[in-house]
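Now for the letters of each chain:
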Amino acid sequence: METNMQYKTIVLELLQQRPKIHDQLRKERKLLLTMERYAKELKTSHQAWMELLCDLRPDSDRSQLSSEALEIALKELEDRLSAESAPDETANQFLDAAMLFTRNRRTPRG
């Protein structure tokens, strides 16, 4: 149980570092559900990386491998969170560029 809470705490901190995502989830009342889902995914990813690293380096210190596995799993989750927030930013940039193009475009009058 305590281990699961640690994953949830980590995920909540990651979400709080992204105020746009955090606020949207909170407004939509999806913060808890999303945090729990990401925590479960983080735990699964951490365990999978741990198994792989243990297989690759069986003589290494288990706590060191666990730390490395968690770092990799966290990086994957951070990349996903960044990718999920990027489409909105890309869409906004495209819309801004399109509006600028439309405003500056000279059309023949006739």
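Here goes a summary of the coordinates provided. (Residues numbered from 1 in each chain as written. Predicted model: local features only at pLDDT ≥ 70, side-chain atom pairs only at ≥ 80, totals over all residues. Heavy atoms only, no water.)

## Overview of helix α2 (residues 19–27)
For α2, the set of buried residues is Ile 21, His 22 and Leu 25. Considered in projection along α2, the buried side chains sweep an arc of 100° and stay on one side of the axis. At the exit of α2 stands Arg 29, carrying a positive phi of roughly 60°. (Buried < 20%, exposed > 50% of the residue type's maximum accessible area, 1.4 Å probe, protein only. Helix = DSSP H or I, 4+ residues; strand = E, 2+ residues; numbered from the N terminus. Arc of directions from axis to C-beta.)

## Examining the side chain of His 22
Inspection of the secondary structure puts His 22 in helix α2. Aside from chain neighbours lying at most four places away, what touches His 22 is Leu 12, Leu 15, Gln 16 and Leu 31. (Contact = heavy atoms within 4.5 Å.)

## Notes on the nonpolar core
Residues Val 11, Leu 15, Tyr 38, Leu 42, Leu 77 and Leu 81 are the most contacted members of the largest nonpolar core, which totals 15 residues. Where this core is concerned, the elements lending two or more residues are α1 (2–16), α2, α3 (31–56) and α4 (62–104). When residues of this core are assigned to their parent elements, the largest contribution, five residues, is made by α3. Among the nonpolar cores identified, the runner-up in size contains five residues, and Met 50, Leu 53, Cys 54 and Leu 65 belong to it. (Core = buried A, V, L, I, M, F, W, Y, C linked by side-chain atoms within 4.5 Å.)

## Digging into α3
An ideal rise of 1.5 Å per residue puts 38 Å on 26 residues; α3 measures up with 37 Å between its terminal C-alpha atoms. What α3 keeps buried is the set Leu 31, Thr 34, Met 35, Tyr 38, Ala 39, Leu 42, Ser 45, His 46, Met 50, Leu 53 and Cys 54. (Expected span 1.5 Å × (residues − 1).)

## Looking at the pattern of salt bridges
All told, the structure shown has seven salt bridges when counted by the stated rule. Among the ionic pairs, Glu 28 bridges to Lys 30, the shortest N-O distance being 3.8 Å. Given a relative accessible area of 39%, Glu 28 falls into the partly exposed group. Put simply, Arg 37, Glu 41 and Arg 80 are held in one network by salt bridges that share partners. (Salt bridge = Lys/Arg side-chain N within 4 Å of Asp/Glu carboxyl O.)

## A short note on unusual backbone geometry
Although it is not a glycine, Arg 29 adopts a positive phi angle of roughly 60°. Tracing the sequence through the fold places Arg 29 in the loop between α2 and α3. Look at Arg 29 and you get exposed, because its relative accessible area is 78%.

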